[in-house]
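An overview of the molecular structure
Okay, here's what each chain looks like letter by letter:
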Amino acid sequence: MSDDRMESVLKEERVFPPPPSFAANALIGDMETYRREHRRSLEDPDGFWAEAAGELDWFRPWERVFDGSEAPFFQWFVGGKLNICHNAVDRWADGEKRDTPAILWEGEPGDQRQLTYGELKTEVSRFANVLKSLGIHKGDTVAIYLPMTPELAIAVLACARIGAIHSVIFAGFSADSIKDRVLDADSKMVITGDGGWRRGSVLPLKSVVDEGVEACACVDKVLVVPRNPGGERMACEMRPGRDFWYDEVVAGVSDECPCEEMDAEDMLFLLYTSGSTGKPKGIMHTVGGYSVYTYLTSKYVFDLKPEDIYWCSADIGWITGHSYIVYGPLQNGATVLMYEGAPNHPEPDRFWDIVDRYKVSIFYTAPTAIRAFMKWGDDWVEKHDLSSLRLLGTVGEPINPEAWMWYHRMIGKERCPIVDTWWQTETGGILLTPLPGVTPTKPGSATLPFFGVDAAVLDPEGNEVDAGLLAIRRPWPGILRGIWGDAERFRKTYWCNWDGRYYFPGDGARRDKDGYFWVVGRVDDVVNVSGHRIGTAELESVFVEHPNVAESAVIGVPHEVKGQGLVAFVLLRGRDAEGSEELRGELNDLVAKKIGKFARPEKIIFSADLPKTRSGKIMRRLLRDIATGQALGNVTTLADPSVVDSLKEKYQA
Ligand code: WT7
């Protein structure tokens, strides 16, 4: 946990009540209603969640709202039948919103597409029929490795429609990461593209997939979606019998495809995320609870109205995109903007240009992006008319009060509430958040729990404390249902504290006198780099694959823009035991190959020794002190205290 952050949030006393004009028009506009409904959601959770679920279409009603008898394997809406694609697409396409835009899309080069709900239904149905024609059935796992084009949303929805389990792999991951995820999930098909644009160049997705699936016997089809539908394809090598161009297979398929009737507890998707071991975990989400939870949080946290243009700048490759680009907003019948590329292409004002041209009214982004905009300078913002904005959001990591204030002043012009939303891949949806028409906000605080969420800050014994571990004391509909293929790890990771009674998210937090939550950061060996979760153990296991590396220790350090950055201490052996630029390059390449470029550390320090206890445990705490230039903690338990001085020298060099 960062001491810097602890210090700055402890000093934060500013409070920003929602602007009265916002509150007057909000779906929930007064604290009294929030308090009453929150209380009701805890006192009568079955009644509360039944009412929320009743706002969606069900093919068959549930028999029981909640079943906790197999804890921590919880079930929601037991016996109910539904399809999230029906609620996200058909419900609107077959009604008054048929001609309302569902997706407004802009490619990085500036090309644009728009899909109404009616068109989205047709596209999703056709895609679903293509999947079926290539042998995909309900319960099969399909990996998706696509750029941020409408086809990514369409592919995800098409899987949901036929009951295939999607496993989206962020398009920045390497071939090796694809392989690990495809094998773990036993994916039968990989959906990829011929390319996608990022910062002015084309990502060669297909060739990365080819390398990734080479050793994956489970994959029998690779479906390649052209980046420019109806236009020119980018060159790809196609293996006959395995690889299919989407535009060829789709010609002639029907645009009718009924939604599969899914059991509420059937799997919807897997999404891999990093934990404190070397192996990423496949987080499992099921249809019913996830539908209801993403629907309700989207509605109230973003105060969605029919006239809104809603933009979440995340990638669908992460949970934010699953829940708050695709499923949540579309289940509310919203108009969602999607942008393919980088925020600073061709210039650092691309986002503000988009807000201006599309008249975006709700904008949801990450603190790391906000800090980058701050750095690029106010001039880029001032060039554009941002008066369409009415609500701002942040997610992914703690936001520092300075960045919050800049967002509030420069982007929100002091008119727009900011919702700082705390949640995780595992939680499916937002758990701690202001309600924009209700909650007075404090810069840096995710404020209060959403309906149905019983959050607390506890010590290891379970007593409520001002600063300690964040705990969620009862399950909510969107909670993960497990880790794919590893029930033991599921129990150990999330149910290890408080006799397994409460969910442990791995974050530390503080609670102030108003009951507001201030999430301080991870307390496990997970580092949040630009909102991407990276396990230090994962990186360490990459380094030791290099023949010259004997051992390594990776830590997270505060980073001005990324929130946290990675520093690797690497112990060498054999050739080049001193370390060289060449070796540094090799190690960076190895990280890019094994995980992805985004996981490369800020700094690699070669060292002849690492600070260890007499029992041989690396003292990461000391490494963190060295990296942050702090007074060193207790060194008396070190086997060789002199190691620290030489490391300090190297770090500062
Ligand atoms: C971790 C989850 C939630 C979608 C994106 C990241 C940190 C997330 C906040 C916030 C403080 C936050 C936590 C959490 N985090 N949002 N508003 N304030 N910290 O999902 O990759 O599953 O990471 O991100 O540490 O545990 P994720």
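Residues numbered from 1 in each chain as written. Predicted model: local features only at pLDDT ≥ 70, side-chain atom pairs only at ≥ 80, totals over all residues. Heavy atoms only, no water.

**What about the environment of S254?**
Note on placement: S254 falls in the loop between α10 (246-250) and β13 (262-263). Accessibility expressed as a relative area gives 38% for S254, which makes it partly exposed. C-alpha separation for the pair S254 and G437, spaced 183 residues apart in sequence, amounts to 45 Å. A polar atom in the side chain of S254 sits 2.8 Å from the backbone nitrogen of E256. (Helix = DSSP H or I, 4+ residues; strand = E, 2+ residues; numbered from the N terminus. Buried < 20%, exposed > 50% of the residue type's maximum accessible area, 1.4 Å probe, protein only. Polar contact = N/O pair within 3.5 Å; in protein donor to acceptor, adjacent residues only side chain to side chain.)

**Observations concerning the site of the ligand**
In the neighbourhood of the ligand, 17 residues make up the surrounding shell, with D420, T421, T425, D507 and R533 lying closest. For the ligand, a nitrogen atom lies 3.1 Å from a polar atom in the backbone of G396. Contact distances for the ligand include 2.6 Å between an oxygen atom and a side-chain N or O atom of T425. Looking at side-chain class alone, the shell around the ligand contains 6 nonpolar, 6 polar and 5 charged residues. (Near = heavy atom within 4 Å. Nonpolar A, V, L, I, M, F, W, Y, C, P; charged D, E, K, R; others polar.)

**So, the pairing of strand β27 (residues 532-535)**
A two-sided burial pattern is seen for β27, the buried positions comprising H532 and I534 on one face and R533 and G535 on the other. Of the strand pairs in this sheet, strand β26 (residues 526-529) and β27 are connected by 4 bridges, and their pairing is antiparallel. Pairing of N528 across the sheet is with R533, part of β27. Between β26 and β27, which follow one another and run antiparallel, lie 2 residues, and S530 among them has a positive phi close to 50°. (Pairing = 2+ DSSP bridges.)

**Brief notes about the domain arrangement of the protein**
How large an interface is tends to be reported as the accessible area lost when its parts come together. Annotation of the protein at the domain level lists domain 1 (116-260) and domain 2 (525-652). Here the C-alpha centre of domain 2 lies 37 Å away from the C-alpha centre of domain 1. The interface of domain 1 with domain 2 comprises 8 residues on the first partner and 7 residues on the second. Counting each side, the surface lost to burial between domain 1 and domain 2 is near 520 Å², with a carbon and sulfur contribution of 44%. For the interface between domain 1 and domain 2, the tally reads 2 salt bridges. The salt bridge partner of D176 is K593, with a shortest N-O separation of 3.4 Å. (Domains from an automatic or database assignment. Contact = heavy atoms within 4.5 Å. Buried area = accessible area lost by both parts, 1.4 Å probe. Salt bridge = Lys/Arg side-chain N within 4 Å of Asp/Glu carboxyl O.)

**A few points about the sheet that holds strand β19 (residues 391-395)**
Read from one edge to the other, the open sheet built from 7 strands follows the order β5-β4-β17-β16-β18-β19-β20, with strand pairing classed as mixed. The open sheet has two edge strands with one neighbour each: β5 (112-116) and β20 (418-421). For this sheet, the mean angle separating the axes of adjacent strands, direction not counted, is 15°. Strand direction decides the pairing type here: strand β18 (residues 362-365) and β19, joined by 4 bridges, are parallel. Pairing of T365 across the sheet is with T394, part of β19. Contacts between helix α6 (residues 117-133) and the sheet are confined to β4 (101-106) and β5, with β5 contributing the most and set at about 95° to the helix. (Axes fitted to C-alpha atoms, helices over the stretch in contact; angles between N-to-C directions.)

**Thoughts on the side chain of T286**
Mapping T286 onto the fold places it in strand β15 (residues 281-286). Only 3.0 Å separates the side chain of T286 from the side chain of E265, close enough to count as a polar contact. Separated by 3.3 Å, the side chains of T286 and R481 make a polar contact.

**Digging into the environment of R64**
Along the chain, R64 falls in strand β1 (residues 64-67). For R64, a relative accessible area of 42% puts it in the partly exposed group. A sequence separation of 193 residues divides R64 from C257, and the C-alpha atoms of the two residues are 30 Å apart. The residues contacting R64, other than those within four sequence positions of it, are F77 and V78.

**Some remarks on the nonpolar core**
Counting residues in hydrophobic clusters, the biggest one holds 123 residues, and the most contacted among them are I191 and F302. Membership of the second largest hydrophobic core comes to 41 residues, among which are V208, L572, L583 and I595. (Core = buried A, V, L, I, M, F, W, Y, C linked by side-chain atoms within 4.5 Å.)

**Some points on empty space enclosed by the protein**
As enumerated under the stated definition, the model contains 2 cavities of 30 Å³ or more in all. Along its surface, the largest cavity is lined by V168, I169, F170, F173, R181, L271, Y272, G317 and W318. When the residues that make up the lining of the largest cavity are grouped by side-chain class, the tally is 7 nonpolar, 1 polar and 1 charged. The volume enclosed by the second largest cavity comes to roughly 30 Å³. (1 Å grid on protein atoms, 1.4 Å probe; cavity = no way out; pocket = protein on both sides within 12 Å on 5 of 7 lines; lining within 4 Å. Points joined across faces, edges and corners; volume = space filled by probe spheres on them.)

**Quick word on the packing of helix α5 (residues 84-93) against α6**
Orientation of α5 relative to α6, taken along the N-to-C sense of each, is 130°, at an axis distance of 7 Å. With respect to their mutual orientation, α5 and α6 come out oblique. The chirality of how α5 crosses α6 is left-handed. Here C85, A88, V89, D90, W92 and A93 of α5 come into contact with α6, specifically with Y117, G118, L120, K121 and V124. The residue makeup of the contact of α5 with α6, split by class, is 8 nonpolar, 1 polar and 2 charged. (Parallel < 35°, antiparallel > 145°, perpendicular 65-115°, else oblique. Left-handed = near helix turned anticlockwise from the far one by under 90°.)

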